[in-house]
Amino acid sequence: MIDHATLVSYIIIVLGFVFIPGPATLLTMARAASSGTRVGIATGAGIALGDMIHTSMAIVGLSAIIATSALLFSIVKYAGAAFLIYLGIRAMLDKTPIELNGGAPAISAGQAFRQAVLTEVLNPKTALFFLAFLPQFVRPEHGSTALQLATLGVVFVLLGLLSTIIFAVGAGRLGNLLRRHPAVVKWQGKVVGTIYCAVGVRLALQER
């Protein structure tokens, strides 16, 4: 099983990811602002299910790699580190305006859930993120790598779902804040980018 120090470190990093508004959070807030809190929560649940699917796919491929091949583990490690640093730099430089348009057409909770699942499952960046992020917290000497990956994935999904529910409930007020203060979105990108880069460097320096 995962040792307590590694798990606490992982949870702290994940909290930084999920409680700083990113694409999934902003999509949830936009849905909640335009169609109501219930639809926002359904969107968050759909994103969580999509992330669970990505976690399952990551477990199938990564558990064998980590357990059997030092070379492949190193390739995954350095490719993952490079990808995370790339995401970090993109987030820090991104100037795309964020819109939370309350005038968007309303949809049902079921539609929002299905759309969120499909959007998340078909997002290649999400798949690559899980492939890059989860392995750095796995320690083969601590037992089953598949079980460790599953634990990490479930923790990530649950914390992500918690954050989207909180943001969905407060979408109106938070949406107004982001619309009135563009600097919030600007600094959000810089903070998220810094976290990505830091995790990428940590991954590159990790020993097997």
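Quick caveat: nothing in here was measured; it's all calculated off a predicted structure.

J.: Can you walk me through the overall build of the protein in this structure?
T.: Across its full length, the protein carries nine helices and zero strands. Element order for the protein, N to C, with α for helix and β for strand: α-α-α-α-α-α-α-α-α. Pairs at least 24 apart in sequence give 86% of the contacts found in the protein among residues at least 6 apart. Summing over all exposed atoms, the protein offers an accessible surface of approximately 10400 Å²; the carbon and sulfur share of this is 70%.

J.: Explanation requested: the environment of Ala 204 in the structure shown.
T.: Within the secondary structure, Ala 204 sits in helix H9 (residues 182-205). Owing to a relative accessible area of 23%, Ala 204 belongs among the partly exposed residues under this scheme. C-alpha separation for the pair Ala 204 and Ala 79, spaced 125 residues apart in sequence, amounts to 8.8 Å.

J.: Got a minute to help me understand a nonpolar patch on the surface in this structure?
T.: On the surface, a cluster of nonpolar side chains totalling about 310 Å² of accessible area is made up of Leu 15, Phe 19, Leu 162 and Ile 166. Checked against the element boundaries, Phe 19 lands in the loop between helix H1 (4-18) and helix H2 (23-35). Overall, the relative accessible area of 30% leaves Phe 19 in the partly exposed class.

J.: How should I be thinking about the packing of H1 against helix H7 (residues 145-169) in this particular structure?
T.: Angle between the axes and distance between the axes are the two parameters that describe a pair of packed helices. Between H1 and H7, the least distance of the axes is 10 Å, while the angle of their chain directions is 35 degrees. Of the two possible hands of crossing, H1 and H7 adopt the one that is right-handed. Residue-level contacts link Tyr 10, Ile 11, Val 14, Leu 15, Phe 17 and Val 18 of H1 to Leu 152, Gly 153, Val 155, Phe 156, Leu 159, Gly 160, Ser 163 and Phe 167 of H7. Residue classes in the contact of H1 with H7 are distributed as eleven nonpolar, three polar and no charged.

J.: How do you make sense of the side chain of Asp 51 when you look at a structure like this?
T.: Secondary-structure assignment places Asp 51 in helix H3 (residues 37-68). Taking the relative accessible area as the measure of exposure, Asp 51 reaches 8% and is therefore buried. Those residues in contact with Asp 51 that sit more than four places away from it in its chain are Glu 120, Thr 126, Phe 130, Phe 156 and Val 157.

Calculation criteria
Residues numbered from 1 in each chain as written. Predicted model: local features only at pLDDT ≥ 70, side-chain atom pairs only at ≥ 80, totals over all residues. Heavy atoms only, no water. Helix = DSSP H or I, 4+ residues; strand = E, 2+ residues; numbered from the N terminus. Contact = heavy atoms within 4.5 Å. Areas by Shrake-Rupley, 256 points an atom, 1.4 Å probe, with all protein chains shown as cover. Buried < 20%, exposed > 50% of the residue type's maximum accessible area, 1.4 Å probe, protein only. Patch = residues over 30% accessible without salt bridge, like charges linked within 9 Å, V, L, I, M, F, W, Y side chains within 5 Å. Salt bridge = Lys/Arg side-chain N within 4 Å of Asp/Glu carboxyl O. Axes fitted to C-alpha atoms, helices over the stretch in contact; angles between N-to-C directions. Left-handed = near helix turned anticlockwise from the far one by under 90°. Nonpolar A, V, L, I, M, F, W, Y, C, P; charged D, E, K, R; others polar.

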